[in-house]
Amino acid sequence: MTVTEPVPTSREHRSYDSLPSASPLGAPLDWKWLKGAKSEWGVRPKIGPRGLTMLDIATGSYGEVPEHPPHRSMAPRGADVDPDTPDMGYILNNKTDVWAENVTELYEEAVARQWSATRDIPWAELPELPDDIEHAMCQVCTTLTEVEMIAADLPAKWMWRMNHDFLEAKMFLCTQIMDEARHAEVFRKRALANGGGLLMSRGSSEGLLRTILEAKTYHQATALMHLLGEGFILDIFRMGELIAPSPVEKRMFRMAMQDEARHVAYGTMHIRYAIEHDPDIAEEIHEALDHGEVVLTQFGTNQDFGSALAVLLGGGVDFIEDRGFPLQAEMQRKQFTSYLARCERAGISRLHRTKLPLDVLGIDPATVLAN
Amino acid sequence: MTSKIDITDLSLYRAMAEELNAHPETFTVLGEADMVLALVMRRDEGSDFAVRIRFEGLRCEAVDEVDASEAPLADYFLDGPLAKWQAMFDDIVANGAASGRQTINSLALLATNAGDVRLRGDDPMGVDKFSRFNQTLQEYLDGAARVAVTA
């Protein structure tokens, strides 16, 4: 809602002509903020039932996000900006570089749906589990603790390079960083909470993380992280209800899933926005995904994470060949199908270019388009 | 309970909304949710049942029966045979909340064809909301266990 109400008349007709021209310390005062401001004055957004949201204040000129901001400073968008404000060294100065149509909504959603890994998971209800199941859950949580912080490190690497006029996108990425801190926290806590511990970490996970972190452009980075990496992890979280041995883990995965879905929603719509406004970006993203899919496949077939998931899916090591591995293969097929469908929604079809072994995975492209 | 819950009775879904709105402490921790979804229950003989549910902020604000053909107008819709829906609600009533693979997330995740409860929708931003607000929806559905509506 962006209804603007009239400013009360008591604010009108003031004169500021007799104000001092210098401070007590002798510094010049021009009072431009009081009497010379060119910014839009008289804005009064209507407060909604849940309070004053960023969508509520995106009114008038304050709601206009420029395609190519004229400034490179940290001045708030919509303020009167002195021409001599310093250049902060931003390199992401086009709206297509970072924007997504849903980013302001996602920011508000993220703020409204924060949760606590300390308080909101019923840790005291963790049951004693069979040894193999506890080991498997601890291994899954070890790997998830390892990979989750990449989605905090990566935006942190790029945010200070983003033009400050894209404030809402930066604010959303701040919530993503907080979310990922909480995910690292909750999985670390689960690994340690039930008499287990942190287990194996090997290079196959690090390869994917390094690929994401070292992406040359933000478009490539977000494609690798949001579309590919976080999309893959989102499907792991969705799978969490199937692998969780108790309601405690179910709750943990469900809560993390909602956060992760916001991140994927931003990345999907950012890529879509970028390609719609600058089709040349598509090839840059394709190149990143060509490589990313190869390392994702390596990560997805990581023996520690993969076999632990299969043990949980099967219900124990005794059932891994009869139930665990077949269910895992089915889940992997869904994960990769989901990724390819997400690419379609982002406007970057990978069906005829993907490096994923579709035949080995048993993925029919027609199924992807139906998702 | 000897009789199955009647899941094609609109009053069930309205009672679930009242249940949710009356107990904000259960789901407030999940945070605000803004989404419109539809549940579509297919009958072999036709005359499908569909209900549209609107969440706004911390409340379930509207529950209406709609024609199944209107389901795609929602952010997303969950579409499956009546028998699969019945099994899900029976599980909720029997266990107090969805258990095992009867959660709405698991049902949609494991769906492979029209014989399952599938997540559908035309708007990618809308379909996203299924995962983003999944637990709010699950809390709403689990409310079926607490409302006294039986056939």
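That block above? That's the structure.
About the thresholds
Residues numbered from 1 in each chain as written. Chains lettered and ligands numbered in written order. Predicted model: local features only at pLDDT ≥ 70, side-chain atom pairs only at ≥ 80, totals over all residues. Heavy atoms only, no water. Helix = DSSP H or I, 4+ residues; strand = E, 2+ residues; numbered from the N terminus. Buried < 20%, exposed > 50% of the residue type's maximum accessible area, 1.4 Å probe, protein only. Contact = heavy atoms within 4.5 Å. Areas by Shrake-Rupley, 256 points an atom, 1.4 Å probe, with all protein chains shown as cover. Lys, Arg positive; Asp, Glu negative; His and termini not counted. Charge placed at Lys NZ, Arg CZ, Asp CG, Glu CD. Buried area = accessible area lost by both parts, 1.4 Å probe. Salt bridge = Lys/Arg side-chain N within 4 Å of Asp/Glu carboxyl O. Polar contact = N/O pair within 3.5 Å; in protein donor to acceptor, adjacent residues only side chain to side chain. 1 Å grid on protein atoms, 1.4 Å probe; cavity = no way out; pocket = protein on both sides within 12 Å on 5 of 7 lines; lining within 4 Å. Points joined across faces, edges and corners; volume = space filled by probe spheres on them. Nonpolar A, V, L, I, M, F, W, Y, C, P; charged D, E, K, R; others polar. Pairing = 2+ DSSP bridges. Axes fitted to C-alpha atoms, helices over the stretch in contact; angles between N-to-C directions. Phe/Tyr/Trp six-rings, centres within 6.5 Å; stacked < 30°, edge-to-face > 60°. Arc of directions from axis to C-beta. Core = buried A, V, L, I, M, F, W, Y, C linked by side-chain atoms within 4.5 Å. Parallel < 35°, antiparallel > 145°, perpendicular 65-115°, else oblique. Left-handed = near helix turned anticlockwise from the far one by under 90°.

Here we come to the overall build of chain A. If you tally the helices and strands in chain A, you get 15 helices and zero strands. Expressed along its principal axes, the backbone C-alpha trace of chain A runs to roughly 85 × 50 × 40 Å. Out of the 371 residues belonging to chain A, those deemed buried represent 52%. Counting only contacts in chain A whose residues sit at least 6 apart along the sequence, the fraction spanning at least 24 positions is 78%. Accessible area of chain A: about 16900 Å², with a carbon and sulfur share of 56%. Mean positive and mean negative side-chain charge positions of chain A (37 and 55 charges, respectively) differ by 4 Å.

As a further point, take the interface of chain B and chain A. Taken residue by residue, the interface counts 29 residues in chain B and 29 residues in chain A. Taken over both partners, the interface formed by chain B and chain A buries close to 2800 Å², and the fraction arising from carbon and sulfur atoms is 51%. Of all residues in chain B, the largest losses of buried area upon contact with chain A belong to Leu109, Arg132 and Gln135 of chain B, amounting jointly to 25% of the total for that side. Here Glu109 of chain A ties to Arg132 of chain B by a salt bridge, and the two come within 2.5 Å at their closest N and O atoms. In this structure, the connection of chain B to chain A is made through 15 residue pairs in polar contact (both at pLDDT 80 or more). Secondary structure elements with two or more residues in the side of chain B that touches chain A: helix H4 (104–110), helix H5 (124–132) and helix H6 (134–142) of chain B. The element best represented in the side of chain B that touches chain A is H5 of chain B, accounting for seven residues.

Glancing now at unusual backbone geometry. Its identity is not glycine, yet Trp31 of chain A carries a phi of approximately 60°, on the positive side. For Ser47 of chain B, which is not a glycine, the phi torsion comes out positive at approximately 45°. Inspection of the secondary structure assignment puts Ser47 of chain B in the loop between strand E1 (35–42) and strand E2 (49–56).

This next bit is on empty space enclosed by the protein. Residue and element names in this part refer to chain A. Per the counting criterion, the structure on display carries three cavities of 30 Å³ or more. Of the voids in this model, the largest cavity is the one considered here, and its volume is about 110 Å³. In terms of lining, the largest cavity is formed by 15 residues, of which the most central are Val147, Ile150, Gly229, Glu230 and Ile233. Elements with a minimum of two residues in the lining of the largest cavity: helix H4 (131–148), helix H5 (150–159), helix H7 (203–213), helix H8 (218–238) and helix H11 (281–300). A total of five residues in the lining of the largest cavity trace back to one element, the largest contributor, which is H8. Class assignment of the residues belonging to the lining of the largest cavity gives a composition of eleven nonpolar, one polar and three charged.

Residue and element names in this part refer to chain B. Strand order in the open sheet made by the five strands is E3-E2-E1-E4-E5, with mixed pairing throughout. If you trace the sheet from one side to the other, it starts and ends with strand E3 (59–66) and strand E5 (118–120), each paired once. Each strand of the sheet is rotated relative to its neighbour by a mean of 20°, with strand direction disregarded. As paired elements, strand E4 (residues 76–81) and E5 share three bridges and run antiparallel to each other. Bridge pairing in E5 places Leu78 opposite Leu119. Contacts from helix H1 (residues 10–22) reach E1, E2 and E3, with the element oriented near 175° to E3. Against the sheet, H5 contacts E1, E4 and E5, and its axis sits at roughly 70° relative to E4.

Considering all chains together, one arrives at 13 aromatic pairs over all chains under this definition. The structure contains a cluster of three or more aromatic residues connected by ring pairs, namely Phe232, Phe299, Phe305 and Phe336 of chain A.

All names here are of chain A. What H7 keeps buried is the set Ser205, Leu208, Leu209, Thr211 and Ile212. Within H7, the buried residues cover an arc of 160° as seen down the axis, which keeps them to one side. Along H7, exposed side chains directed more than 90 degrees from the buried face belong to Gly203 and Arg210. Buried residues along H7 sit against H4, H5, H8 and H11.

Take the pattern of salt bridges next. Residue and element names in this part refer to chain A. One pass over the full model with this rule turns up 35 salt bridges over all chains. Across the pair Glu283 and Arg353 runs a salt bridge, and its minimum N-O distance is 2.9 Å. In this pair, Glu283 sits in helix H11 while Arg353 sits in the loop between helix H13 (320–346) and helix H14 (358–361), placing the two residues 70 residues apart along the sequence.

Residue and element names in this part refer to chain A. Along the polypeptide, Asp235 turns up in helix H8. Overall, Asp235 belongs to the buried group, its relative accessible area being 5%. Taking the C-alpha atoms as reference, Asp235 lies 8.6 Å from Met331; in sequence the two are 96 residues apart. Once residues within four sequence positions are removed from consideration, Asp235 is found in contact with Gln335, Ser338 and Arg342.

Looking now at the nonpolar core. Counting residues in each nonpolar core, the largest one holds 144 residues, and the members touching the most others are Tyr13, Phe89 and Tyr140 of chain B. Among the elements that line this core, the one with the most residues is helix H10 (residues 247–277) of chain A, at 15 residues. Residues within four places of Phe89 of chain B in sequence aside, it is in contact with Ile5, Ile7, Tyr13, Met16, Met41, Leu141 and Ala144 of chain B. Counting residues in each nonpolar core, the second largest holds eight residues, with Ala38, Ala50, Ala68 and Ala74 of chain B among its members.

This next bit is on the packing of H8 of chain A against H10 of chain A. Residue and element names in this part refer to chain A. As a packed pair, H8 and H10 sit with axes 8 Å apart at the nearest point and diverge in direction by 150°. Regarding the angle of H8 to H10, the classification is roughly antiparallel. Seen along the crossing, H8 lies across H10 with a hand that is left-handed. For the contact of H8 with H10, the per-class residue count stands at 14 nonpolar, eight polar and three charged.

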